[in-house]
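# Architecture at a glance
Here is how the chains run, residue by residue.
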Amino acid sequence: AVVGMMASAEQMPMVSYWASSPTLSDQTAYATFGRSFPSDAPHAALLTRLLFDGCKGGKNVALVHESSQWGEGYAWAMISMHEQLRDLGVLHGTRLVAYPFTIHGGVPDEQNLGLALDGVLASGCSVIVAGALGGSLPSLLEQAAQRGLISRKHAWFIPYGRSWLGELAALQ
């Protein structure tokens, strides 16, 4: 993000081969930025629509996400779509609640992650979206299992990359 802003300030074109954060689509902040890899914004919007489609109320979804540019952008895209659906009168009595946690060098702050998951537990949400990448996702799943959030009562959506079914099964 910083490099993209610097390139924009210097009017230098910048092309990324692996940047999917929706925030990088802001042409005001990143005027000279381009990508060969698509933004995650349409994916986040689609997931939000799938989670809430046909919902007449009472569905609460927790979004636990890292406070990286990717995590914040993904959360923003989901929350924006939820608000659009609510404003259109499609949703009534639903909530999408974000629980961010900090990361340093791709590694989560374990205490902060624990506080985010404690918030999910207190919320009573049974549908959870994990907005976390490689290094933080295993810690997220381990701490969620310790709190009883990996169970048959909870549906997890992990939008990033590879299958985590083996890791989830081992945690139950």
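My aim in this report is to walk through the structure given alongside it, one point at a time. None of the values given here were measured: they were computed from a predicted structure. (Residues numbered from 1 in each chain as written. Predicted model: local features only at pLDDT ≥ 70, side-chain atom pairs only at ≥ 80, totals over all residues. Heavy atoms only, no water.)

Moving on to the side chain of H82. Tracing the chain through its elements places H82 in helix α3 (residues 69–87). Contacts of H82, omitting those with residues within four sequence positions, involve T48, F52, L91, T94, R95 and L96. (Helix = DSSP H or I, 4+ residues; strand = E, 2+ residues; numbered from the N terminus. Contact = heavy atoms within 4.5 Å.)

When the terminal C-alpha atoms of helix α2 (residues 41–52) are compared, their 17 Å separation across 12 residues agrees well with the 16 Å that a helix rising 1.5 Å per residue should span. Inspection of α2 places A44, A45, L47, T48, L51 and F52 among the buried residues, and these make up the whole buried set. Taken end-on, α2 shows its buried residues confined to a sector of 160°, consistent with a single buried face. α2 presents P42 and L50 as exposed residues on the side facing more than 90 degrees away from its buried surface. Packed against the buried residues of α2 are β3 (60–66), α3, β4 (95–101), β7 (127–131) and β8 (155–157). (Expected span 1.5 Å × (residues − 1). Buried < 20%, exposed > 50% of the residue type's maximum accessible area, 1.4 Å probe, protein only. Arc of directions from axis to C-beta.)

What follows concerns the pairing of β3. The two faces of the sheet receive side chains in turn, since in a regular strand these alternate between them. Taking burial as the measure, the seven residues of β3 include six buried ones, the bulk of the element. Relative to β4, β3 is paired through seven bridges, and the arrangement is parallel. Paired with E66 across the two strands is F101, which belongs to β4. After leaving β3, the chain enters α3 and then returns to the sheet as β4, a path that is right-handed. (Pairing = 2+ DSSP bridges. Right-handed = clockwise from strand over helix to strand, strands pointing away.)

With that settled, the discussion passes to the sheet that holds β3. Spatially, four strands are ordered β4-β3-β7-β8 in an open sheet, and the strand pairing comes out parallel. The two strands at the open ends of the sheet, each matched to only one other strand, are β4 and β8. Taken over all neighbouring pairs, the strand axes of this sheet differ in orientation by 20° on average, direction set aside. Against the sheet, α2 contacts β3, β4, β7 and β8, and its axis sits at roughly 170° relative to β7. Strands in contact with α3 are β3, β4 and β7; relative to β3, the strand with the most contacts, it is inclined by about 160°. (Axes fitted to C-alpha atoms, helices over the stretch in contact; angles between N-to-C directions.)

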